[in-house]
Amino acid sequence: MAERYQNYVNGTWTDATTGEVSTSTNPADLSDVVGEFQASNSADVDVAITAAHDVKESWRRTSSLARGGYLLKAASYLEANLEEYAQAVTRESGKAILESRGEVGRAIALLQYYGVEGANPVGAVVPSVNPNILLYTNRMPLGVISLITPWNFPIAIPIWKMAPALVYGNTIVLKPASATPHVATLIARMWEAVDLPEGVFNLVTGSGGAVGNELITNSKVAAISFTGSTRIGMNIAAESAKRGKRYQLEMGGKNPVIVLPDADLEQAAEITVSGAMKYSGQKCTATSRAIVVGNIIGEFTNMVVEKTNALKIGRGSDPDSIIVPVIDQASKDNIASMIARGVADGGSVLAGGGVPSGSTFDGGTFVEPTVINNVATDAYVACEEIFGPVLSILPAVDAEDALNVANSVDYGLSAGIFTRDLNSVLDFADRIEAGIVKINGETAGLEPQVPFGGMKSSSSGDREQGKAAIEFFTQSKTIYVDRSAT
């Protein structure tokens, strides 16, 4: 019998009013049921939002130093329980255990960073034209924030949203992806363990169709922070704009690397394959296109194919696995259809293209790491996000042509270039339409102390993480104090 988990609302573990549950399973073995989780509805969400709303003023009036202290205690708790949390991430999302440990480590770093942020100034004293006026600014929390988070980073992404939201004085309701609700319950247990005041953090599980609308349209919600598909993100933007709510969207990517003739091809191939294939390409920053300039394309392609074929496919619990199961059968089917469409559009599969066979793989949602070439730069597979271990290799005549190809898609999240030429580096950094730029580095992989976000259809423009987070989670207030009045 699978263990049953509850929502966490106003400091209490509670069942949904529906009386219904849904299950979460291990992608590496679909017969392994992680647990049963509350299938909540809009009424359950309203209760959680009301709980957050009722305590927002007391939390706002709590010292930012004290708020940061809760985050630092949470970081210590998470550090002490790192292995338990990492194993849970691997079991529920399929992620390789080494990457899961890294993800929990990143969550710890985020809590530490924003815990210290609670001691930093949030305003400024500004000179006034009137010497009798003290003129200063302060930043005020927004209130209740709805956090809607994805399955691919089930602890890091919720933490990188909630840590700044909390330290800057907001209260939150978290709706995790339906595929990874167990990790979200562990986040709730973390806050419970450090005695975060009741109602400041609330967790509601359920399908987006059942609970998403209430999280966006409820009048007590001040803002929504979302990571997920572009289609859903655009709907959130439209509904939020109608109601004057803030929204923060991190959406899709079709991330390119450009390989110039002077690049270290061994380094470029190794990093490209790592960026494209780790976690089976299930990262919004994963490398999806390699745009290769000139006659080095043959040599580079051979290196990429060789390295791709050498990757070990296996369960995330095996520390040697690089290619792990994709999140579910629907994702597996979508990846297969994208590969088939690429072939139909003239592409050639040079590596992978199918599913692995054998007892290790039969019960899970595994796909082979795939490399495709001979696809047109405007082909569907070369323009749309796949979210799987699929890399397209595209030719370019010169650096200018490569940059045009890189910028030709609707997305603009992360991009990289491999070259030794400083002029090419600076030109690329200036002209690439992406929020994250990597020079001789992997498109995936981020640090918590700097802004994160994309351009074009990859983002609403607001940046997450680093000092930039304060811009979304607070609003500025300007105060005039006239000394002459006293």
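Our subject is the structure that appears above.
Residues numbered from 1 in each chain as written. Predicted model: local features only at pLDDT ≥ 70, side-chain atom pairs only at ≥ 80, totals over all residues. Heavy atoms only, no water.

**Describing the overall build of the protein**
Reasoning step 1: Along its length, the protein carries 17 helices and 21 strands.
Reasoning step 2: For a compact globule of 486 residues, the expected C-alpha radius of gyration is about 23 Å, and the protein comes in at 23 Å, within 12% of that figure.
Reasoning step 3: Taking the principal axes of the C-alpha coordinates as reference, the protein spans close to 80 × 65 × 40 Å.
Reasoning step 4: In the protein, 73% of the contacts between residues at least 6 apart in sequence involve partners at least 24 apart.
Reasoning step 5: Of the accessible surface of the protein, which amounts to about 18800 Å², a share of 50% is contributed by carbon and sulfur atoms.
Reasoning step 6: In the protein, 37 positive and 53 negative side-chain charges are present, and the distance between their average locations comes to 7 Å. (Helix = DSSP H or I, 4+ residues; strand = E, 2+ residues; numbered from the N terminus. Rg over C-alpha atoms; globule rule 2.2 N^0.38 Å. Contact = heavy atoms within 4.5 Å. Areas by Shrake-Rupley, 256 points an atom, 1.4 Å probe, with all protein chains shown as cover. Lys, Arg positive; Asp, Glu negative; His and termini not counted. Charge placed at Lys NZ, Arg CZ, Asp CG, Glu CD.)

**Some points on helix H8 (residues 208-217)**
Reasoning step 1: Here H8 has its buried residues at Val211, Gly212, Glu214, Leu215, Ile216 and Thr217.
Reasoning step 2: Against helix H1 (42-54), strand S7 (144-148), strand S8 (171-175), strand S10 (221-227) and helix H9 (230-243) lie the buried residues of H8. (Buried < 20%, exposed > 50% of the residue type's maximum accessible area, 1.4 Å probe, protein only.)

**Notes on the sheet that holds strand S21 (residues 474-482)**
Paired through backbone hydrogen bonds, the strands of a sheet run either parallel or antiparallel to each other.
Reasoning step 1: The sheet built from three strands is open, its strands ordered S5-S6-S21 with antiparallel pairing. Each edge of the open sheet carries a strand with a single partner, namely strand S5 (124-126) and S21. The sheet shows a mean angle of 25° between the axes of neighbouring strands, taken without regard to direction.
Reasoning step 2: As judged from the three bridges shared by S5 and strand S6 (residues 133-141), these two strands associate in the antiparallel manner. Within the sheet, the bridge partner assigned to Val126 lies in S6 and is Leu135. (Pairing = 2+ DSSP bridges. Axes fitted to C-alpha atoms, helices over the stretch in contact; angles between N-to-C directions.)

**Description of the sheet that holds strand S14 (residues 348-351)**
Reasoning step 1: Pairing in this open sheet of seven strands is mixed, and the strands run S14-S15-S16-S13-S12-S18-S19 from one edge to the other. The outermost strands of the open sheet, each flanked by one partner alone, are S14 and strand S19 (436-439). Each strand of the sheet is rotated relative to its neighbour by a mean of 25°, with strand direction disregarded.
Reasoning step 2: Here strand S12 (residues 255-259) runs beside strand S13 (residues 287-293); their pairing, made up of five bridges, is parallel. What sits directly across from Val257, in S13, is Ala290.
Reasoning step 3: Helix H15 (residues 399-406) contacts S12, S13 and strand S16 (390-396) of the sheet and is inclined by roughly 160° relative to S13.

**Some thoughts on the packing of helix H4 (residues 82-93) against helix H5 (residues 97-117)**
Axis angle and axis distance: for two packed helices, these are the angle between their axes and the distance between the axes, and together they describe the pair.
Reasoning step 1: Direction vectors running N to C along H4 and H5 enclose 125°, while the axes themselves pass 8 Å from each other. Between H4 and H5, the angle falls in the class oblique. When you trace H4 past H5, the crossing you get is right-handed. The residues of H5 that touch H4, namely those facing Leu82, Glu83, Tyr85, Ala86, Gln87, Val89 and Thr90, are Ile97, Ser100, Arg101, Glu103, Val104, Gly105 and Ile108.
Reasoning step 2: Tallied by class, the residues present in the contact of H4 with H5 amount to seven nonpolar, four polar and three charged. (Parallel < 35°, antiparallel > 145°, perpendicular 65-115°, else oblique. Left-handed = near helix turned anticlockwise from the far one by under 90°. Nonpolar A, V, L, I, M, F, W, Y, C, P; charged D, E, K, R; others polar.)

**Here's the deal with the environment of Ala351**
Reasoning step 1: In this structure, Ala351 sits in strand S14.
Reasoning step 2: Separated by 39 residues in sequence, Ala351 and Val390 have C-alpha atoms that sit 9.5 Å apart.
Reasoning step 3: Residues within four places of Ala351 in sequence aside, it is in contact with Val305, Thr308, Asn309, Pro369, Thr370 and Val371.

**Section: the pattern of salt bridges**
Oppositely charged side chains can pair when the atoms bearing their charge come close.
Reasoning step 1: For the coordinates displayed, the defined rule picks out 17 salt bridges.
Reasoning step 2: The salt bridge involving Arg431 is made with Glu400; its shortest N-O contact spans 2.7 Å. Of the two residues, Arg431 sits in helix H16 (residues 422-431) while Glu400 sits in helix H15, which places them 31 residues apart along the sequence.
Reasoning step 3: Here the salt bridges share partners, and the residues they tie into one network are Glu239, Lys242 and Arg243. (Salt bridge = Lys/Arg side-chain N within 4 Å of Asp/Glu carboxyl O.)

**So, the packing of aromatic side chains**
The relation between two aromatic rings is expressed through the spacing of the ring centres and the mutual angle of the planes.
Reasoning step 1: Inspection of the entire model under this criterion finds 12 aromatic pairs.
Reasoning step 2: On the basis of an interplanar angle of 50° and a centroid distance of 5.8 Å, the ring pair of Trp59 and Tyr70 is categorised as tilted. Residue Trp59 is located in helix H2 (residues 56-60), and its partner Tyr70 is located in helix H3 (residues 64-80); the two are separated by 11 residues in the primary sequence. No difference in accessibility class separates Trp59 from Tyr70, as the two residues are buried.
Reasoning step 3: A centroid spacing of 6.3 Å and a plane angle of 85° characterise the contact between Tyr77 and Tyr85, whose relative ring orientation is edge-to-face.
Reasoning step 4: What makes Tyr77 partly exposed here is its relative accessible area of 25%. (Phe/Tyr/Trp six-rings, centres within 6.5 Å; stacked < 30°, edge-to-face > 60°.)

**Details of the pairing of S6**
Every other side chain in a regular strand lies on the same face of the sheet, so the side chains alternate between the two faces.
Reasoning step 1: Hairpin connection, S5 to S6: the antiparallel pair is bridged by six residues.
Reasoning step 2: Where S6 lies against S21, nine bridges are found, and the strand directions are antiparallel. Following the sheet pairing, Tyr136 is matched in S21 by Ile479.

**Re the side chain of Asn202**
Reasoning step 1: Secondary-structure assignment places Asn202 in strand S9 (residues 201-203).
Reasoning step 2: On the accessibility criterion, Asn202 (0% relative accessible area) is buried.
Reasoning step 3: For Asn202, the side chain forms a polar contact with the main-chain oxygen of Gly199, separated by 2.8 Å.
Reasoning step 4: For Asn202, the residues in contact, after removing those within four places along its chain, are Tyr8, Val9, Asn10, Ala48, Ala51, Ala52, Ile172, Val173 and Leu174. (Polar contact = N/O pair within 3.5 Å; in protein donor to acceptor, adjacent residues only side chain to side chain.)

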